[in-house]
Amino acid sequence: MHMQGNDGSRADGDPEIVIVGAGLVGAVAAMYLAPRSGPVTMLEKRADPRRGAGRSGRSITVMLSARGWRVLSDLGLEQAVREISVPLHGRCAHLPDGSSHVTPYSRDGQPIWSVERERLHHLLLDAAEATPGVRIRFEQQVHAVDLEEPAVLVEDQGGRHRLACRRVLGCDGAHSTARDALVARNVRAQVRNLELAYQEIQVPGGWLDRRTMHYWPTGDALFAAFPMPSGEFAGSLFMRLDGPTPSFATVAGGQDLSEVFAARFPEPTAVIPDLAEQLATKSVSTISLVNCDRWVWRDTFALLGDSCHAMAPFMGHGMNCGFEDARTLVDCLDQAEDWTAALAAYEKSRIEDASAISYLSYQHYYTMANPPQDDTSHAEGLLRRRLGDLFPDRFVPLYEQCAFTEESYASVLRNDQNLDRLVESLLRRYGTELVSASDSRLRACMPVDTDTVTLEDSGCS
């Protein structure tokens, strides 16, 4: 590692950019930036995950949708990643009464893709190392970031060193050390745990449709299972972290948790032979949420990914959003005159989007955890559905907009809120009989401009 010169200047061989963290987003950012901006050094506090004795034993999966595929295509990695991914065409709810209900992810059958996080991480690290100008250093503990010089204070087996550079990117997750440099300058950053926690459970294959993800909603707990290329399923039990039963804090051990699980999820219980052992031995993981007021500092520093917007996992967009951060950053660099303008444009573009998808991700848990209702029995739900059928290009389902377009998350949220207001306004003005009106009458009742929801100009009578 190169040391800073005595006069505060960068020494020969120091990187242009230091990326703190060598996770999924850090690797993507390095591959984007090295060809544009010069040498990039990634500093990772953990050991190289590819050099371990074997697999970590964790089975967590991540979802890839259009935003993520756009980035992988940019980097020439799309085909390699598809080979280790599983296409999913919808989610199947297994209801307490024994019935099931499949919700397609898109109206035209497009899939999202499930991939084991560990395998994807290894592939991205290999690709980053193969990128000219990228260097990855593991077992490097970053203690502080100096925004002014800039430089990072790093500790490794040789002791503490100060590494100078021109820019620092913080890609070091929800508990980011890099972010602390902004907090020290009075930037507000909120980090908290979601009231829910999860436990990973391996589920055998052969009894579930591999074209969908599967989930068992009970209102107070949720079990989800995602198909893996091996034929098995990666399962996750979600419950409250503490509080009244059921919660992870109120069960004393594997046997108690097994009873809770069996009472709520009898179908998976019957097919997982080592369920009690897994529940007794596998760790319970918390879910961190991050909200940060500022993401950049002048022309020297930026946060990406979970370091500035860690979110609940229920929409499957945390990684996709982080990848989109990296792509947006380089787009801003390509369009701006200098790094100051580029970082400012990046921050302005992404903060509102991150806030929107974080909100949607949190809300989606409650949609999934509670058994789905037949919304045709409710005027609002049926009218939304009819409007979508009558105007398929005008009213695209929210999930479809998130997963299969690159429209900004903030616009997606606004679109959905506008549709809510439109439905409410239509029902208030014309009554619930509008739900069963003819298509021609419903078309006539529609305002020309649904963004402002002004019904006075409609021709419905």
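Residues numbered from 1 in each chain as written. Predicted model: local features only at pLDDT ≥ 70, side-chain atom pairs only at ≥ 80, totals over all residues. Heavy atoms only, no water.

Turning next to the state of the cysteines. This structure, assessed with the given rule, holds 0 disulfides. Cys 171 supplies the cysteine sulfur nearest to Cys 165, a cysteine that is in no disulfide, at a spacing of 13 Å. Judged by its relative accessible area of 1%, Cys 165 is buried. No disulfide involves Cys 402; its nearest neighbouring cysteine sulfur is the one of Cys 321, lying 10 Å away. Among the residues examined, Cys 402 registers a relative accessible area of 0% and is labelled buried. (Disulfide = S-S within 2.5 Å. Buried < 20%, exposed > 50% of the residue type's maximum accessible area, 1.4 Å probe, protein only.)

Turning next to the sheet that holds strand β11 (residues 159–164). Strand order in the open sheet made by the 3 strands is β9-β10-β11, with antiparallel pairing throughout. Every other strand in the sheet has two partners, leaving β9 (141–146) and β11 as the edge strands with one partner each. The mean inter-strand angle of the sheet, taken between neighbouring strand axes irrespective of direction, is 20°. Pairing geometry for strand β10 (residues 151–156) and β11, over 6 bridges, is antiparallel. Counterpart to Val 152 in the pairing with β11 is Leu 163. (Pairing = 2+ DSSP bridges. Helix = DSSP H or I, 4+ residues; strand = E, 2+ residues; numbered from the N terminus. Axes fitted to C-alpha atoms, helices over the stretch in contact; angles between N-to-C directions.)

Within the largest apolar cluster, 73 residues are counted, with the highest numbers of intra-cluster contacts made by Leu 124, Val 152 and Phe 323. With 10 residues, helix α1 (residues 24–37) is the largest single contributor of residues to this core. Among the nonpolar cores identified, the runner-up in size contains 38 residues, and Met 63, Leu 222, Phe 238 and Leu 360 belong to it. (Core = buried A, V, L, I, M, F, W, Y, C linked by side-chain atoms within 4.5 Å.)

Each aromatic ring pair is summarised here by two numbers: the centre-to-centre distance and the angle between the ring planes. Applying the stated criterion across every chain, the model contains 14 aromatic pairs. Seen from their ring centres, Trp 216 and Phe 223 are 5.7 Å apart, and the 45° between their planes marks the pair as tilted. In this structure, Trp 216 and Phe 223 share a single accessibility class: buried. Here a set of aromatic residues connected by ring pairs shows up, and it is made of Tyr 198, Phe 238, Phe 314, Tyr 362, Tyr 365 and Tyr 366. The ring of Tyr 399 carries Arg 91 above its face, with NZ or CZ at 5.4 Å from the centroid. A cation over an aromatic ring shows up here: Arg 394 above the ring of Phe 391, its NZ or CZ 5.4 Å from the ring centre. (Phe/Tyr/Trp six-rings, centres within 6.5 Å; stacked < 30°, edge-to-face > 60°. Lys NZ or Arg CZ within 6 Å of the ring centre and 35° of its normal.)

The next thing to look at is the sheet that holds strand β12 (residues 167–170). Read from one edge to the other, the open sheet built from 6 strands follows the order β8-β2-β1-β12-β19-β18, with strand pairing classed as mixed. Lying at the two open borders of the sheet, with one neighbouring strand each, are β8 (134–138) and β18 (296–297). On the sheet, α1 packs against β1 (17–20), β2 (40–44), β8 and β12 and is oriented at approximately 160° with respect to β2. (Contact = heavy atoms within 4.5 Å.)

What follows covers the side chain of Asp 353. Structurally, Asp 353 can be placed in helix α11 (residues 339–369). Judged by relative accessible area, Asp 353 falls into the buried class, the value being 6%. A polar atom in the side chain of Asp 353 sits 3.3 Å from the backbone nitrogen of Tyr 409. If sequence neighbours within four positions are ignored, Asp 353 has contacts with Ser 408, Tyr 409 and Ala 410. (Polar contact = N/O pair within 3.5 Å; in protein donor to acceptor, adjacent residues only side chain to side chain.)

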